[in-house]
Amino acid sequence: MSVTPCGFTRTPDQGLARLRWSGAGWATDGPRPETSEAPPASTRTQPPDIAALRPLRGLEIDWPDGPVPLDDVLRLAAAGVPLTAAGAPAWVPADLAALLTDRSWLAHEPDGTVRCLADLRREEHSVRLRRLAHRPAGTPSVSVVMATKRPELVPGALAQIARQRGAEVEVVLGLHGVPYESVRRAVEDLPLPVAWKEMPAEVPFGTVLNEAAALAGGRYLAKWDDDDWYGPDHLADLVMALTYSGADVTGTSGEFFYLEPLRATIRRSAFASGAAYRSEVWSDHVAGGTILVSREDFRRIGGFPAQPRAVDRDFLKAATEAGARVYRTHGLGYVLRRGLSGAHTWQLPLAHFLKVATSQWRGFRPSLLMEHETDARVEAA
């Protein structure tokens, strides 16, 4: 697939347009107000120009009377253009038809106080379409690398790894001053291959990660933080992004945060600190707990720096200096946990996250792509 979601616009400034079969191919009309008639042919483009469609909320499909090629429809889905249809004829593949006719993402109008929620539901729909269009031919093998000095968090972290879909997964644990006996039960309950290595607490964090990575047998290495939350398609989405972008290293944007002392979830603005948190872009920064790289490129880059802090940042810096290309994909399948500033290696006060938030919710309120139970009594901000 030659097109990618690179350049996806989180907040569109135009409405829905129509995608029609012209007799020679698919063409777009619009954008249009919801009550307008079809625009004159002079406003139509054929074939659909992806860049020109980025400002749109999405495309509504008008089906022709009989079967036609769907290549351009899948091309738009691969680009992350939100597509919808009131119904779908029998000749449209069932998986595509199900996504197109799920119009729940249109339930929130992009105005007033629900602007951010409308944008979030639209992006979730876009990601589901991307997954369909970029479906891999095989199942990738991924070694999840997790270093921990908190045995109480290991059962929850391993349970999230066990939920992963679309990848053949093994786990490699770096037990950082933690005896294996303290995590044995969680490891033995995991229905996945697990390898581990115990290391003294004084060993630098980066060294612990490297020693764990040396046990890996998967084609890809994925860094995993023991205190964060991951959706069930997290690994598959990272491999998909690495594949369609042609990058050497990928990871997600750090968008969703659970602020534990406040019992609140925020979504960070894409433009906090410039464009640092936009997704589907080439960048030198991704969320550290989501780094994915092939084992071959990991060795070429030199592994993680043998230091106690800033391991993720300096790994990405070394990757860029080694000529590796870094791509940042969507962050809807990942939530970072933040406590008081002194309780985490990333020392930022909670006020910082509130300042850069574009959305705030009470309780744990991740994206629907996390497929995590949420408190239904809490209404969206």
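Here the structure is shown first, and the text comes after it.
In this report, the structure presented in the accompanying data block is examined. (Residues numbered from 1 in each chain as written. Predicted model: local features only at pLDDT ≥ 70, side-chain atom pairs only at ≥ 80, totals over all residues. Heavy atoms only, no water.)

1. Topic: empty space enclosed by the protein
According to the stated counting rule, one finds three cavities of 30 Å³ or more in the structure shown. Estimated volume of the largest cavity: approximately 80 Å³. Forming the boundary of the largest cavity are 13 residues, of which Asp233, His234, Asp237, His330 and Gly333 lie nearest the centre. Counting residues per element, the lining of the largest cavity draws most heavily on helix 8 (residues 234-245), which supplies three residues. As for the second largest cavity, its lining consists of Val145, Ala213, Leu221, Ala222, Lys223, Ile291, Val293, Phe298 and Phe304. Ranked by residues supplied to the lining of the second largest cavity, first place goes to strand 8 (residues 220-223) with three residues. Counted by class, the lining of the second largest cavity contains eight nonpolar, no polar and one charged residues. (1 Å grid on protein atoms, 1.4 Å probe; cavity = no way out; pocket = protein on both sides within 12 Å on 5 of 7 lines; lining within 4 Å. Points joined across faces, edges and corners; volume = space filled by probe spheres on them. Helix = DSSP H or I, 4+ residues; strand = E, 2+ residues; numbered from the N terminus. Nonpolar A, V, L, I, M, F, W, Y, C, P; charged D, E, K, R; others polar.)

2. A closer look at the side chain of Asp119
Along the chain, the position of Asp119 falls in helix 4 (residues 115-133). The class for Asp119 is buried, based on a relative accessible area of 4%. One polar contact links Asp119 to Thr11, side chain to side chain, over a distance of 3.1 Å. When near neighbours in sequence (up to four residues on either side) are disregarded, Asp119 contacts Arg10, Thr11 and Pro12. (Buried < 20%, exposed > 50% of the residue type's maximum accessible area, 1.4 Å probe, protein only. Polar contact = N/O pair within 3.5 Å; in protein donor to acceptor, adjacent residues only side chain to side chain. Contact = heavy atoms within 4.5 Å.)

3. As for the nonpolar core
The nonpolar side chains of soluble globular proteins are, as a tendency, buried together. Counting 40 residues, the largest nonpolar core has Val142, Leu158, Trp224 and Leu292 as the members making the most contacts within it. No other element matches the seven residues that helix 8 contributes to this core. If we ignore the near neighbours within four places in the chain, the residues touching Leu158 are Met146, Val171, Leu173, Ala186, Val187 and Leu190. (Core = buried A, V, L, I, M, F, W, Y, C linked by side-chain atoms within 4.5 Å.)

4. Quick notes on the pairing of strand 8
Of the two faces of strand 8, the one carrying Tyr220 and Ala222 and the one carrying Leu221 and Lys223 are both buried. Pairing geometry for strand 5 (residues 141-148) and strand 8, over four bridges, is parallel. What sits directly across from Val144, in strand 8, is Ala222. By the bridge criterion, three bridges tie strand 8 to strand 14 (residues 292-294) in an arrangement that is antiparallel. Within strand 14, the residue paired with Tyr220 across the bridge is Ser294. (Pairing = 2+ DSSP bridges.)

5. Regarding the layout of surface pockets
Put simply, the second largest pocket is a space of about 530 Å³. Mapped onto the lining of the second largest pocket, the elements with two or more residues apiece are helix 3 (94-100), helix 4 and helix 8. Ranked by residue count, the leading element in the lining of the second largest pocket is helix 8, at six residues. Mapped onto the domain boundaries, the lining of the second largest pocket takes at least three residues apiece from domain 1 (16-29 + 45-134) and domain 2 (141-378). (Domains from an automatic or database assignment.)

6. A short note on the sheet that holds strand 10 (residues 249-252)
Across the sheet, which stays open at both edges, the eight strands sit in the order 7-6-5-8-14-10-15-13 with mixed pairing between neighbours. Bordering the open sheet on either side are strand 7 (194-199) and strand 13 (281-282), each of which pairs with just one other strand. With four bridges connecting them, strand 10 and strand 15 (residues 326-329) associate as parallel partners. By the bridge assignment, Val249 is partnered in strand 15 with Val326. Across the sheet, helix 8 touches strand 5, strand 6 (168-176), strand 8, strand 10, strand 13, strand 14 and strand 15, and the angle it forms with strand 10 is around 135°. (Axes fitted to C-alpha atoms, helices over the stretch in contact; angles between N-to-C directions.)

7. Comments concerning the pattern of salt bridges
All told, the structure shown has 24 salt bridges when counted by the stated rule. Between Glu280 and Arg130 there is a salt bridge, with its nearest N and O atoms 2.9 Å apart. A residue pair is termed long-range when its members are at least 10 positions apart, and Glu280 in the loop between strand 12 (264-268) and strand 13 and Arg130 in helix 4 qualify at 150 residues. Note on accessibility: Glu280 and Arg130 belong to one class, buried. Where Arg131 meets Asp233, a salt bridge forms, and the shortest distance between an N and an O atom there is 3.4 Å. (Salt bridge = Lys/Arg side-chain N within 4 Å of Asp/Glu carboxyl O.)

8. A closer look at helix 10 (residues 311-321)
Considered for burial, the residues of helix 10 that qualify are Val311, Asp312, Phe315, Leu316 and Ala319. Seen end-on, helix 10 carries its buried residues on one side only, within an arc spanning 130°. Relative to its buried face, helix 10 has exposed residues pointing more than 90 degrees away, namely Arg313, Lys317 and Glu321. Buried positions along helix 10 lie against helix 7 (205-213), strand 8, strand 10, strand 14, helix 9 (295-301) and strand 15. Looking one or two places after helix 10, you find Gly323, whose phi comes out positive at around 90°. (Arc of directions from axis to C-beta.)

9. Observations concerning the packing of aromatic side chains
We describe a pair of aromatic rings using the distance from one ring centre to the other and the angle between the two ring planes. Applying the stated criterion across every chain yields a total of 15 aromatic pairs. Ring geometry for Phe304 and Phe315: centres 4.9 Å apart, planes at 40°, overall tilted. One end of the pair, Phe304, is in the loop between helix 9 and helix 10; the other, Phe315, is in helix 10, with 11 residues separating them in the sequence. By the burial criterion, Phe304 is buried, and Phe315 matches it. In this structure an aromatic cluster arises from ring pairing among Trp21, Trp26, Trp63 and Trp91. The ring centre of Phe8 lies 4.8 Å from the NZ or CZ of Arg130, which sits over that ring. (Phe/Tyr/Trp six-rings, centres within 6.5 Å; stacked < 30°, edge-to-face > 60°. Lys NZ or Arg CZ within 6 Å of the ring centre and 35° of its normal.)

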